Number of protein chains: 6
Amino acid sequence: MSLTKFFEDYHLNYERTSTGRTITDADIVLHAGQTGDFYPHHMDEDWCKTQPFGSRIAHGTLTFSVGIGLGAGELNPEAMTYGYERLRFPNPVFINDTLKTTITIVNKYDHEKSPNTKGIVVERVITRKGNGDVVLVCDHLLLVNKNNPQDTL
Amino acid sequence: MSLTKFFEDYHLNYERTSTGRTITDADIVLHAGQTGDFYPHHMDEDWCKTQPFGSRIAHGTLTFSVGIGLGAGELNPEAMTYGYERLRFPNPVFINDTLKTTITIVNKYDHEKSPNTKGIVVERVITRKGNGDVVLVCDHLLLVNKNNPQDTL
Amino acid sequence: MSLTKFFEDYHLNYERTSTGRTITDADIVLHAGQTGDFYPHHMDEDWCKTQPFGSRIAHGTLTFSVGIGLGAGELNPEAMTYGYERLRFPNPVFINDTLKTTITIVNKYDHEKSPNTKGIVVERVITRKGNGDVVLVCDHLLLVNKNNPQDTL
Amino acid sequence: MSLTKFFEDYHLNYERTSTGRTITDADIVLHAGQTGDFYPHHMDEDWCKTQPFGSRIAHGTLTFSVGIGLGAGELNPEAMTYGYERLRFPNPVFINDTLKTTITIVNKYDHEKSPNTKGIVVERVITRKGNGDVVLVCDHLLLVNKNNPQDTL
Amino acid sequence: MSLTKFFEDYHLNYERTSTGRTITDADIVLHAGQTGDFYPHHMDEDWCKTQPFGSRIAHGTLTFSVGIGLGAGELNPEAMTYGYERLRFPNPVFINDTLKTTITIVNKYDHEKSPNTKGIVVERVITRKGNGDVVLVCDHLLLVNKNNPQDTL
Amino acid sequence: MSLTKFFEDYHLNYERTSTGRTITDADIVLHAGQTGDFYPHHMDEDWCKTQPFGSRIAHGTLTFSVGIGLGAGELNPEAMTYGYERLRFPNPVFINDTLKTTITIVNKYDHEKSPNTKGIVVERVITRKGNGDVVLVCDHLLLVNKNNPQDTL
């Protein structure tokens, strides 16, 4: 459940897709409880029925948490999360939507501060519903050690 | 608990700070359960003791969810989240750390696709522990309706 | 998110209404887990179908917890809860009912033990479903400091 | 686990004491999530340290929910909750306090609207910590069917 | 809520049946979170629809936990769980199934290591849905003190 | 995250060990809530201090659920759980104990009812704390399809 991969071991365009995860009522209730975000979009079914989207939707932070969590694979002791870029939620997530995350390596480059020993791997994260609608897009930046520290790209 | 604010009503450098929120053991357990991310950094105290950080740390998605949730204020029917940029986690969050979020308006500009009717407000979100350490930085992009639709900046 | 209000600042008949909160299956399951109350009214759908009310209902303590929680507004450092009176549950709460709480100041009087410095503010709490049915009524007694300690009513 | 008891079967001064229940960090986190009450008294350990009580305390609604839940015994199909009176929280509940509830029958009288068929049984509910401090007092009013409907007191 | 029973007090063929418990969506979500088992059988409604069983099913460990929990009665200080044998899950549990557990004493014998002072009581645990389908069968072995330590069977 | 393995692909003495999982206060609270088992061994710290084991311990069903969950690996569409045998809890699990599960294939044999097409693989499941103490032992019986249906052992 742990797999050592160095910067050199990440290949452009490599893609993997997660298992599916159905978002339930309980997920929204628990996430509201964790974040303190009780906006009516998530908690007030009566109000939602008066809105264009028509029923309760997941919090953006819930979609992000589950979407990223789905992509969690084997632990790589040579890599750590550097950050996320361009996080967008193109479509809302409703109760009973099933989400899957596809991760594609779209870029890799030397880490500016330590180009001889570390690099950045950019994973494009796309989470979709069963009908293909995209509900989350972002770039996940991984900071990864180089196996041959002298390497620069 | 609802407050109508148009694009024109957001002022550069306006800043607000949330109440505090102590991160507990239960938060990490519930977040692991919600995301399916059971990496040992969050779940294995014995392993964490062998690591430089020394004890279990919050998931990045938990820090983001709580940090953003702390900033949730009054509902503004004229605004919606457009996305997040440059999300970083400069320091880890440990059990019993108390977090507060400060939100500052750092930029505003016309929305490219509909400059006459909508604008983007950029909120810099910074979440800190009691000792001042920053644990989350990101830019929250709000898409906000203009009150006087002819306005362009 | 904190607002200082003295006894003199509370006005009879002042009324406010909360946002809405839909009670879900998950709320009942979590509340049973928190209280240890697994009575079939809350946990046994088959049995409930044989009863006049026809399906699972929320615990009274859940209705009270959510109803009161909905009314939680800004923190007032000059006030604290003294107690509750005449707590009643006129109608049951079913899964998918959306609750809102209305709070009205119905009485205020000097605190018997320290009439020069403190008073009691009585808030009538009424929680209703979307169809208007009342599910919770009680009086919330607030013990509030006086701004001009010599005042008695 | 069901025990039929009529109004005539409840005896003044009958007393029973529950098992114990330790209030944990997780209980407070879950209750905040259920109620949406994120006041710093419950959620902000840093702030609590600056206050006289010194550390996070349970919500009143949590103390009530657990205190009442502890008293839930066998289901009696002839009785239902009519309401609660004089609810008070004389002392705060801290994390790791263990609570027990003692229930004593302190009064019984005919139900005003249907004195021939129903009566009210008043249970005094007192919840204490291990050190004897009382954290909850209230009167629980039970509406109970009479076995011999002609009886009036 | 505590009842002392010695080995001699357990009688062959004694049977008791629990109250009912409806399994909900929230139970499955919480159990996945507790165990880390996010197999699609429990979490992916879209995938389940392509399978013979047709919709999400409870984890075996959830069925076991709830089935055994339903049988938890009064605390007996003279008995402890020795183990379980022949645990089987003949039918799947779906969301909204209501479970009841029947426990029958099917065997009792001296404890091999301390036959003079302890015995084993075997409880057959059978958990059924409302329609009679069995979802859990196992034997629960209780290690119980003898009242008259000289007894052997 | 899915890996097809037939009966022939399971090899005696093959062993794998899981990641670690620290049992927390929150796990016990959530499990009590899920099962309805509020015995003082799990919920009453004051009482536990008067007992030989000295502090709250995990439910057996929690130890089983987590221990088995830790062993959940890749999904094998050719296998399903047949049952569990000889489940024992040799030592109690305390809050902050970190558990790991080791699974070893100890036996395999033809399925009695369909020996030409299916076999039983027996996995010995042993869950240990960091100090080596065993807290769970059982045999997990897997029913696995044969790749070459004519095979019998």
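Computed from a prediction, not measured in an experiment: that's the story for all the values here.

J.: Tell me about the relation of the copies chain C and chain D, residues and numbers included.
T.: Once chain C has been moved 0.0 Å along the axis and rotated by 180°, it coincides with chain D to within an RMSD of 0.0 Å. In symmetry terms, the pair is related by a two-fold rotation axis. Proximity to the rotation axis, assessed at the C-alpha, singles out E85 of chain C in chain C; its C-alpha lies 2.6 Å from the axis.

J.: Which residues make up the side chain of T98 of chain C, and what values do they have?
T.: With respect to the helices and strands, the residue T98 of chain C is situated in strand 4 (residues 98–110). Given a relative accessible area of 4%, T98 of chain C falls into the buried group. Reaching out from T98 of chain C, the side chain makes a polar contact with the side chain of D46 of chain A at a distance of 3.5 Å. At 2.7 Å, the side chain of T98 of chain C forms a polar contact with the side chain of T22 of chain C. Residues contacting T98 of chain C, with those up to four places away along its chain left out, are D44, E45 and D46 of chain A together with G20, R21, T22, R128, K129 and G130 of chain C.

J.: Got a sec to walk through helix 4 (residues 60–70) of chain F? Specific residues and values, please.
T.: Owing to its 3.6 residues per turn, the α-helix aligns residues three or four sequence positions apart on the same side. In terms of burial, helix 4 of chain F is a largely internal element, 10 of the 11 residues being buried. Those residues of helix 4 of chain F lying buried are T61, L62, T63, F64, S65, V66, G67, I68, G69 and L70 of chain F.

J.: Can you explain the interface of chain E and chain F? Please cite residues and give values.
T.: In this assembly, 31 residues from chain E lie in contact with 31 residues from chain F. For the pair chain E and chain F, the summed buried surface comes to about 2500 Å²; carbon and sulfur atoms form 57% of the total. Broken down residue by residue, the surface that chain E buries against chain F is led by Q34, Y39 and L75 of chain E, which jointly contribute 25%. Summed over the shared surface of chain E and chain F, the number is 2 salt bridges. Two residues, R88 of chain F and E85 of chain E, come together in a salt bridge whose shortest N-O distance is 2.5 Å. Taken together, chain E and chain F are joined by 13 residue pairs in polar contact (both at pLDDT 80 or more). When residues of the side of chain E that touches chain F are traced back to their parent elements, those giving at least two are helix 1 (25–35), helix 2 (40–43), helix 4 (60–70) and strand 3 (79–88) of chain E. When residues in the side of chain E that touches chain F are grouped by element, the largest group, 8 residues, is from helix 4 of chain E.

J.: Break down the packing of helix 1 (residues 25–35) of chain A against helix 1 (residues 25–35) of chain B for me, with residues and values.
T.: Running from amino to carboxyl end, helix 1 of chain A crosses helix 1 of chain B at an angle of 150°, the nearest separation of the two axes being 11 Å. Here helix 1 of chain B runs roughly antiparallel to helix 1 of chain A, going by the angle between their axes. In the packing of helix 1 of chain A onto helix 1 of chain B, the handedness of the crossing is left-handed. In this structure, helix 1 of chain A uses D27, L30, H31 and Q34 of chain A to contact helix 1 of chain B, whose residues at the interface are D27, L30, H31 and Q34 of chain B.

J.: Before we move on, could you go through the relation of the copies chain E and chain F and cite the residues and values that matter?
T.: Mapping chain E onto chain F is achieved by rotating through 180° and translating by 0.0 Å along the same axis, at an RMSD of 0.0 Å. A share of 100% of interface residues in chain E that are also interface residues in chain F marks the association as one of identical surfaces.

J.: For helix 1 of chain E, give the residues involved together with the corresponding values.
T.: All names here are of chain E. With 11 of 11 residues buried, helix 1 lies mostly within the body of the structure. Those residues of helix 1 that sit buried are D25, A26, D27, I28, V29, L30, H31, A32, G33, Q34 and T35. After helix 1 finishes, the residue G36 shows a positive phi value of roughly 75°.

J.: Give me the pairing of strand 5 (residues 118–129) of chain D: which residues, what numbers.
T.: Two faces make up the sheet, and in a regular strand the side chains alternate between them. Residues and elements named next belong to chain D. Burial of strand 5 is extensive: 9 of the 12 residues sit out of reach of the surface. Relative to strand 5, strand 4 (residues 98–110) runs antiparallel, the two sharing 11 bridges. Bridging from a neighbouring strand, Y109 pairs with I120 of strand 5. Alignment of strand 5 against strand 6 (residues 134–145), held across 11 bridges, turns out to be antiparallel. Counterpart to V122 in the pairing with strand 6 is L141. As consecutive antiparallel partners, strand 5 and strand 6 are separated by 4 residues, and within that stretch G132 has a phi angle of approximately 95°, a positive value.

J.: Break down the UniProt feature "domain: MaoC-like" (unreviewed entry) in chain A for me, citing the residues and quoting the values.
T.: The positions UniProt marks with the feature "domain: MaoC-like" (unreviewed entry) are residues 17–117 of chain A. As annotated, residues 17–117 of chain A has a helix share of 30% and a strand share of 26%, and its two end C-alpha atoms lie 29 Å apart.

J.: Describe the interface of chain C and chain D, with residues and values.
T.: Opposite the 31 residues of chain C that make contact, chain D presents 31 residues. If you sort the residues of chain C by the area they bury against chain D, Q34, Y39 and L75 of chain C come out on top, with a joint share of 25%. In this assembly, chain C and chain D are joined by 2 salt bridges. Mapped onto the side of chain C that touches chain D, the elements with two or more residues apiece are helix 1 (25–35), helix 2 (40–43), helix 4 (60–70) and strand 3 (79–88) of chain C. A total of 8 residues in the side of chain C that touches chain D trace back to one element, the largest contributor, which is helix 4 of chain C. Per-class residue counts for the side of chain C that touches chain D are 15 nonpolar, 10 polar and 6 charged. Pairing between strand 3 of chain C and strand 3 (residues 79–88) of chain D: 2 bridges, direction antiparallel. Looking at strand 3 of chain D, one finds that L87 of chain C is bridged to Y84 of chain D.

The rules behind these values
- Residues numbered from 1 in each chain as written.
- Chains lettered and ligands numbered in written order.
- Predicted model: local features only at pLDDT ≥ 70, side-chain atom pairs only at ≥ 80, totals over all residues.
- Heavy atoms only, no water.
- Least-squares fit on C-alpha atoms with pLDDT ≥ 70 in both.
- Helix = DSSP H or I, 4+ residues; strand = E, 2+ residues; numbered from the N terminus.
- Buried < 20%, exposed > 50% of the residue type's maximum accessible area, 1.4 Å probe, protein only.
- Polar contact = N/O pair within 3.5 Å; in protein donor to acceptor, adjacent residues only side chain to side chain.
- Contact = heavy atoms within 4.5 Å.
- Buried area = accessible area lost by both parts, 1.4 Å probe.
- Salt bridge = Lys/Arg side-chain N within 4 Å of Asp/Glu carboxyl O.
- Axes fitted to C-alpha atoms, helices over the stretch in contact; angles between N-to-C directions.
- Parallel < 35°, antiparallel > 145°, perpendicular 65-115°, else oblique.
- Left-handed = near helix turned anticlockwise from the far one by under 90°.
- Pairing = 2+ DSSP bridges.
- UniProt positions renumbered as here; feature names shortened; annotations may be inferred.
- Nonpolar A, V, L, I, M, F, W, Y, C, P; charged D, E, K, R; others polar.

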